[in-house]
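Residue-level listing of the chains:
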Amino acid sequence: MRGIIITLALSAATLLISGCGTAAHRIDASSNNGLTTVDDINFKDWQIAAEKGITSLLSSGALNRKDGRKTILMISTIKNSTTQHINTRILTDKIRQAVLRSGKALTTTAVGGKGADDRASKQVRDLENDDMFNQSTVQQAGTAIAPDMSLAGEIVQQKTTSGRMRESYFFIHMTLTDLKTGLAMWEDNVEIVKQEKTPLMGW
Amino acid sequence: MKHVLLIAASCIMLCACQSTVNTVENKDKNMQRNSVDTSKISTDSFLKRRLKIERIDKVEQPDGLLKIQVTAQNLRYGFWDQIGTWFMGDNPYQITYRFSWLDKNGMEVKTATNTWIPMSVMPGDTVRIMGISPNPRCKDFLLAIRENIKERQ
């Protein structure tokens, strides 16, 4: 009898534990249903930072030129000054796309803060004097357009703990520099603060 | 009678703990606004009672981009409303918004982000929600606002 009770109790416990899980499922990437963790920059944080950065950049008119020509923008580096391993490309790619879509500027992939985004521009010029290729179709030296402006930034994280409360403050700073003068034509930052209260025990 | 007094005292104490926003501003305004006539569809009666859309202003920038500013106020202040906000845990009130942009043919213009942006609104406070069109082809807009239940405390 005792064995049956123990078996039943174990089965009930197993059922209860397995009932707590959720099957893997997709969520809408634009929704607020993603996971929120204090220590990391979650996908929603990137989206918010990009949206606010884009709104500020396009409102500023800093990309407009007096000569009517479109600004050529290069994406420099977003320095990661946090303790986390983060890929800032999510932010820079969204800004790059928004700038392109606005029609105010063109972005170059031939040069970037960490080298060329697309090394093909350089590689195709190495085909000069290669017998395999019709030389009249090879891209000539001196035809690529150099950038006028550069987008750079830094992400800083500050952690605070008080009792059971934990907090992370992310400061995402962005700068647009005129490469001719070295002057910053636009600067802005996005602040994200996340808090959690850790449970007294367990999970 | 004793219980009634106790409950009333508790309510007053709770209200004293609530923080609402008090404002002061210049009376004679210098700004020249370009208001937009609005067409609203409210599907959430709770949101409608809490957040009042006061006005919508539009500016077309010299580069052709459309800049929109929506001014809204959190109406949940006053004795009963503050008890309500304390009970519902919506102080500050958490909302989330998203702009959609339409071209001259009414077709939606995709943006690079197109995401819901969270925002806190203190009782009595007036907030301004800003949006800028992704390109000069955009002629109209639509702002969607909803409660951000996930961020509720």
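Here the structure is shown first, and the text comes after it.
Residues numbered from 1 in each chain as written. Chains lettered and ligands numbered in written order. Predicted model: local features only at pLDDT ≥ 70, side-chain atom pairs only at ≥ 80, totals over all residues. Heavy atoms only, no water.

(A) Broad picture of the side chain of Ser102 of chain A. The topology assignment puts Ser102 of chain A in helix H3 (residues 89-102). In this structure Ser102 of chain A comes out as buried when scored by relative accessible area, which is 1%. If we skip the residues at most four places from it in the chain, Ser102 of chain A touches Leu58 of chain A together with Pro134, Asn135 and Pro136 of chain B. (Helix = DSSP H or I, 4+ residues; strand = E, 2+ residues; numbered from the N terminus. Buried < 20%, exposed > 50% of the residue type's maximum accessible area, 1.4 Å probe, protein only. Contact = heavy atoms within 4.5 Å.)

(B) Layout of the packing of helix H2 (residues 43-60) of chain A against H3 of chain A. All names here are of chain A. One way to put it is that H2 packs onto H3 with a least axis distance of 9 Å and a crossing angle of 35°. In this structure, the crossing between H2 and H3 has a hand that is right-handed. Side by side, H2 and H3 meet where Trp46, Gln47, Ala49, Ala50, Ile54, Leu57 and Leu58 of the first sit next to Ile90, Leu91, Lys94, Ile95, Ala98, Val99 and Ser102 of the second. Of the residues in the contact of H2 with H3, the class split is 11 nonpolar, 2 polar and 1 charged. (Axes fitted to C-alpha atoms, helices over the stretch in contact; angles between N-to-C directions. Left-handed = near helix turned anticlockwise from the far one by under 90°. Nonpolar A, V, L, I, M, F, W, Y, C, P; charged D, E, K, R; others polar.)

(C) Here's a closer look at H3 of chain A. Residues and elements named next belong to chain A. Here H3 contains 14 residues, and its C-alpha end-to-end distance of 20 Å stays within 8% of the 20 Å for a straight helix at 1.5 Å per residue. Those residues of H3 lying buried are Leu91, Thr92, Lys94, Ile95, Arg96, Ala98, Val99 and Ser102. At the exit of H3 stands Gly103, carrying a positive phi of roughly 80°. (Expected span 1.5 Å × (residues − 1).)

(D) View of the interface of chain A and chain B. Facing 23 residues of chain A, the contacting portion of chain B comprises 23 residues. Carbon and sulfur atoms make up 50% of the surface buried where chain A meets chain B, a total of about 1,800 Å² over both sides. Contact with chain B buries surface across chain A, with Asn32, Glu51 and Arg101 of chain A losing the most and accounting together for 31% of the total. In this structure, the connection of chain A to chain B is made through 0 salt bridges. At the junction of chain A with chain B, the criterion picks out 16 residue pairs in polar contact (both at pLDDT 80 or more). When residues of the side of chain A that touches chain B are traced back to their parent elements, those giving at least two are H2 and H3 of chain A. No other element matches H2 of chain A, which puts 10 residues into the side of chain A that touches chain B. Here the residues of the side of chain A that touches chain B are counted per class, giving 5 nonpolar, 12 polar and 6 charged. (Buried area = accessible area lost by both parts, 1.4 Å probe. Salt bridge = Lys/Arg side-chain N within 4 Å of Asp/Glu carboxyl O. Polar contact = N/O pair within 3.5 Å; in protein donor to acceptor, adjacent residues only side chain to side chain.)

(E) How the structure looks around the sheet that holds strand E2 (residues 105-107) of chain A. Residues and elements named next belong to chain A. The 5 strands lie next to each other as E2-E1-E3-E4-E5, forming an open sheet whose pairing is mixed. Unpaired on one side and paired on the other, E2 and strand E5 (184-197) mark the two borders of the sheet. For this sheet the average axis-to-axis angle between neighbouring strands, irrespective of direction, equals 25°. Sheet topology places strand E4 (residues 165-178) next to E5; 13 bridges connect them, and they run antiparallel. Considered in E5, the bridge of Glu167 is made with Gln195. (Pairing = 2+ DSSP bridges.)

(F) Inspection of unusual backbone geometry at higher detail. Residue and element names in this part refer to chain A. Backbone geometry places Asn129, a non-glycine residue, at a positive phi of 70°. Looking at the secondary structure, you find Asn129 in the loop between helix H4 (120-125) and strand E3 (149-162). In this structure Asn129 comes out as exposed when scored by relative accessible area, which is 69%.

(G) View of the environment of Ala50 of chain A. Among the structural elements, Ala50 of chain A can be located in helix H2. Sequence separation between Ala50 of chain A and Arg65 of chain A is 15 residues, and the spatial gap between their C-alpha atoms is 23 Å. Discounting chain neighbours no more than four positions away, the residues touching Ala50 of chain A are Leu91 and Lys94 of chain A together with Thr113 of chain B.

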